[in-house]
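So you can see what is in the structure, the chains are spelled out below.
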Amino acid sequence: MALSAARIGRRRAQNALFVGFCFLVTTLALTALALILYSLLIQGVGGLNLRLFTMSTPAAGTPGGLINAIVGSIMMCTLAMAMALAVGVMAGTWLAEYAGESRYGSVVRFLNDVLLSAPSILVGLFVYEILVAPFKGFSGFAGAVALALLAVPVITRTTEDVLKLQPTSLRESAIALGTPFWHVVRTVLWRAASSGIITGALLAFARISGETAPLLFTALNNQFFSWNMAKPMANLPVVIFQFALTPYSDLNQLAWAGALIIAASVLAVTIIARFVSRDPKPS
Amino acid sequence: MSTAEISAADPAPRRLASARGSGLEPVFHAACFMAATTLLAALGGVLVALAIGGWPAIAKFGVGFLTNVTWDPVQDVYGAAGPIVGTLITSALALLFALPVAGGVAFFLVELCPPALRRPIGTAVELLAGIPSIVYGMWGLFVFAPMFAKWVEIPAMAAAPADSIWSTLVQGIPNGSGILAASIILAIMILPFMAATLRELLHTVPAQVRESAYGLGATTGEVVMKVTLPYVRRGAIGAVMLGLGRALGETMAVTFIIGNSHDFPKGLFDAGSTIASTIANEFNEASGMQQSALIALGLVLFLITFIVLALARLLLRNQARL
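The text that follows walks through the structure, step by step, so that each part is easy to find. (Residues numbered from 1 in each chain as written. Chains lettered and ligands numbered in written order. Predicted model: local features only at pLDDT ≥ 70, side-chain atom pairs only at ≥ 80, totals over all residues. Heavy atoms only, no water.)

A separate point is the overall build of chain A. Counting secondary structure elements, chain A contains eleven helices and zero strands. Reading chain A from its N terminus to its C terminus gives the helix and strand order α-α-α-α-α-α-α-α-α-α-α. Computed over its C-alpha atoms, the radius of gyration of chain A comes to 24 Å, more than 25% above the 19 Å expected for a compact globule of 283 residues. Across its three principal directions, the C-alpha atoms of chain A cover 75 × 70 × 35 Å. Counting across all 283 residues of chain A, residues that qualify as buried make up 55%. (Helix = DSSP H or I, 4+ residues; strand = E, 2+ residues; numbered from the N terminus. Rg over C-alpha atoms; globule rule 2.2 N^0.38 Å. Buried < 20%, exposed > 50% of the residue type's maximum accessible area, 1.4 Å probe, protein only.)

Below is the structure:
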């Protein structure tokens with residue numbers, strides 16, 4: 001009896017240690033992450049003003065904003081998303097509807113999962129090799145292609161997953177009406193899965209909008225406002241990177257403001273994505 | 001699954017009922033197939049492009065490229081041992097720091113958290129996993145580094161007895177950047193991702209399994225360590241390796257704070273470099289052999305991360321896809 005009481009005591013102590021550890025590290029982790037968001041907010045809000053959205057990136061010591069970088073980022077991300085949606089939705093459809101359990105299907109599925117977490121800087125190097133070096137120039141197009149390559153795996157994956165969730169009876173009833181299968185896919189399955197596909201697209205958008213590494217060697221940067229995607233193009237992440245590493249406090253301030261804009265939009269997009277996926281529209 | 005049934009069905013009624021647009025069926029199928037093949041081509045393309053671009057450097061320096069420490073653009077001699085070791089050390093340290101914390105957070109959320117807080121904290125962790133890494137990098141540079149230098153590096157160096165292992169470990173310039181600082185920032189960056197993945201995995205454990213363990217009188221700690229964690233161990237290892245894959249290839253969170261020196265790091269506070277930070281810093285100014293050496297570095301990173309990620313995916317294959 002004494003032995004078992006001692007044993008229970010020891011187990012209780014071990015458990016207290018475990019529970020205490022979990023509480024401690026959770027507090028620690030949440031504090032660290034809160035600190036990061038706090039300094040982002042404090043430093044970033046200090047730099048928020050109208051100039052940010054009306055003027056282009058300045059040289060040190062002169063007033064300026066981030067409009068060229070914001071527009072550049074939006075243009076490249078939009079083009080990237082257009083390309084990624086076309087490829088990703090089709091590829092996801094193939095994996096879910098046509099590939100079945102085929103060997104090629106499982107290879108593509110597996111490599112897509114690897115690509116999903118591949119280092120983004122390597123995608124940048126790849127696009128540099130195929131689009132920048134041969135055409136002898138950095139360009140917004142190259143940046144958009146690099147971003148698209150990072151978005152495609154996310155969209156493919158979510159498209160495949162949500163299509164597989166659609167009941168077989170849905171496909172069968174559409175086919176029973178005499179609909180060609182590709183019509184079934186487009187008019188029944190895609191529509192039924194639309195909220196899931198939109199969620200995937202939003203998550204992919206959130207992911208690429210903050211990516212810096214792949215843009216360093218593709219879109220580079222541009223100090224001036226430009227609509228021309230065939231030339232180097234300003235973008236928020238690279239501007240933040242370059243301005244943060246300068247010794248000038250006004251440029252650092254702009255970098256913080258840019259980081260706040262990116263983080264806030266990523267959070268907003270992620271939250272919208274959660275709402276879309278939580279509340280599927282009846283179709 | 002349904003595909004087989006559908007294509008096995010008699011096509012005749014379909015043709016009878018409506019032929020409108022059915023001629024495009026093979027076109028649509030082919031387009032989908034090509035989109036899927038594009039993915040394959042992209043990954044293969046990355047490998048081929050890196051191999052071609054890096055070939056001059058690989059041909060010139062051979063295996064010595066991996067073991068040589070000299071990285072000297074002036075003499076045009078490149079050895080990648082410094083960045084490679086830097087990558088491995090920072091990722092390993094980051095994993096060492098992040099793993100217990102991520103585990104603790106996941107266990108807390110699944111077993112201990114009051115239900116009212118479960119959802120907000122869980123959501124917060126998932127949202128933080130999506131914050132771009134450049135934010136972590138900037139925070140590391142402007143906020144963390146000065147604090148780290150003042151509160152950790154200088155006291156640790158002052159307290160270290162001369163000529164001990166301790167003093168060797170804390171060698172370096174106490175300016176807040178270096179191997180250890182970069183590892184900590186990396187750890188903070190992969191933490192939400194790992195915690196969210198582990199939490200998701202632990203939720204896949206059937207309620208009966210957990211409840212029967214509690215019913216036998218097991219404590220919370222015993223339930224987690226002896227029942228639920230072993231239940232998902234394959235997936236958990238996979239999740240950890242996904243985190244490792246992120247740490248290995250991370251560029252922005254590291255470049256800001258590692259100090260960017262190509263030498264072999266002498267101590268934890270010493271400046272170092274990783275493969276990704278070296279490429280990010282030098283690629284745009286590089287040409288000729290240096291550029292080729294940087295691309296060869298990229299190839300090394302590709303091979304390391306591919307192996308880690310492939311293993312992770314194989315381990316995660318039978319789990320719910322994460």
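Across its full length, chain B holds 15 helices and two strands. In terms of its C-alpha atoms, chain B occupies a principal-axis envelope of roughly 85 × 65 × 30 Å. Taken over 322 residues, chain B has a buried fraction of 53%. About 13,700 Å² of surface is accessible on chain B, with carbon and sulfur atoms providing 68% of the total. The positive charge centre, built from 17 side chains, and the negative charge centre, built from 17, are 12 Å apart in chain B. (Areas by Shrake-Rupley, 256 points an atom, 1.4 Å probe, with all protein chains shown as cover. Lys, Arg positive; Asp, Glu negative; His and termini not counted. Charge placed at Lys NZ, Arg CZ, Asp CG, Glu CD.)

A few words now on the interface of chain A and chain B. When the parts of a complex come together, some accessible area is lost, and that lost area is often used as the size of the interface. Counting from both sides, the interface comprises 90 residues of chain A and, opposite them, 90 residues of chain B. Between chain A and chain B, a total of about 8,100 Å² is buried, with carbon and sulfur atoms accounting for 77% of that surface. Looking only at chain A, the three residues that lose the most surface to chain B are A:Phe18, A:Ile36 and A:Trp182, adding up to 8% of its buried area. For the pair chain A and chain B, the number of links is two salt bridges. Element by element, the count of residues in the side of chain A that touches chain B is highest for helix H1 (residues 2-45) of chain A, at 18 residues. (Contact = heavy atoms within 4.5 Å. Buried area = accessible area lost by both parts, 1.4 Å probe. Salt bridge = Lys/Arg side-chain N within 4 Å of Asp/Glu carboxyl O.)

Residue and element names in this part refer to chain B. One can find Trp-55 in helix H3 (residues 25-61). Classification of Trp-55 by relative accessible area gives exposed; the value is 54%. Counting along the chain gives 249 residues from Trp-55 to Ile-304, while the straight-line C-alpha distance between them is 18 Å.

So, about the packing of aromatic side chains. A full pass over the atoms with the stated rule returns 21 aromatic pairs over all chains. Summarising the aromatic geometry, the rings of A:Tyr104 and B:Phe33 are spaced 5.4 Å apart at their centres and angled 35 degrees between planes, so their arrangement reads as tilted. With one member in each of two chains, A:Tyr104 in helix H3 (residues 103-116) and B:Phe33 in helix H3 form a pair that bridges those chains. Residue classification places A:Tyr104 among the partly exposed positions, given a relative accessible area of 27%. Using a relative accessible area of 35% as the deciding quantity, one classes B:Phe33 as partly exposed. With a centroid separation of 5.7 Å and 45 degrees between ring planes, the pair formed by A:Trp256 and B:Phe142 is classed as tilted. Taken together, the residues A:Trp256 in helix H11 (residues 249-278) and B:Phe142 in helix H7 (residues 133-159) connect one chain to another. Overall, the relative accessible area of 25% leaves B:Phe142 in the partly exposed class. (Phe/Tyr/Trp six-rings, centres within 6.5 Å; stacked < 30°, edge-to-face > 60°.)

Looking now at the pattern of salt bridges. The tally for this structure, following the rule as stated, stands at ten salt bridges over all chains. One salt bridge connects A:Glu160 with A:Lys164, and the closest N-O pair in it is separated by 2.9 Å. Placement of both A:Glu160 and A:Lys164 in helix H5 (residues 140-165) is noted, with a separation of four residues, approximately one turn of the helix. Given a relative accessible area of 1%, A:Glu160 falls into the buried group. A relative accessible area of 36% places A:Lys164 in the partly exposed class. Ionic pairing is found between B:Arg199 and B:Glu126, a salt bridge with its closest N-O pair at 2.8 Å. Of this pair, B:Arg199 sits in helix H9 (residues 179-203) while B:Glu126 sits in helix H6 (residues 115-128), placing them 73 residues apart in sequence. Residue classification places B:Arg199 among the buried positions, given a relative accessible area of 13%. A relative accessible area of 25% means that B:Glu126 is categorised as partly exposed. Bridged by salt links that share partners, the residues A:Arg109, A:Glu160 and A:Lys164 form one connected network.

Among the nonpolar cores identified, the biggest contains 198 residues, and A:Ile121, B:Phe65, B:Tyr136, B:Ile279 and B:Leu297 are the most heavily contacted of them. Not counting residues within four places of it along the chain, the set of residues in contact with A:Ile121 comprises A:Ala213, A:Phe217, B:Gly249, B:Thr251, B:Ala276, B:Ile279, B:Ala280 and B:Leu301. (Core = buried A, V, L, I, M, F, W, Y, C linked by side-chain atoms within 4.5 Å.)

All names here are of chain A. Running from N to C, helix H10 (residues 236-244) and H11 point in directions that differ by 150 degrees, and their axes come no closer than 8 Å. Both H10 and H11 take part in a crossing whose hand is left-handed. Within the contact between the two elements, H10 uses Leu-236, Pro-237, Ile-240, Phe-243 and Ala-244 and H11 uses Leu-251, Asn-252, Leu-254, Ala-255, Gly-258, Ala-259, Ile-261 and Ile-262. Broken down by class, the residue content of the contact of H10 with H11 amounts to eleven nonpolar, two polar and no charged. (Axes fitted to C-alpha atoms, helices over the stretch in contact; angles between N-to-C directions. Left-handed = near helix turned anticlockwise from the far one by under 90°. Nonpolar A, V, L, I, M, F, W, Y, C, P; charged D, E, K, R; others polar.)

All right, on to the state of the cysteines then. Summed over all chains, the structure comprises zero disulfides over all chains. Not engaged in a disulfide, the cysteine A:Cys22 finds its nearest cysteine sulfur in B:Cys113; these two sulfurs lie 11 Å apart. (Disulfide = S-S within 2.5 Å.)

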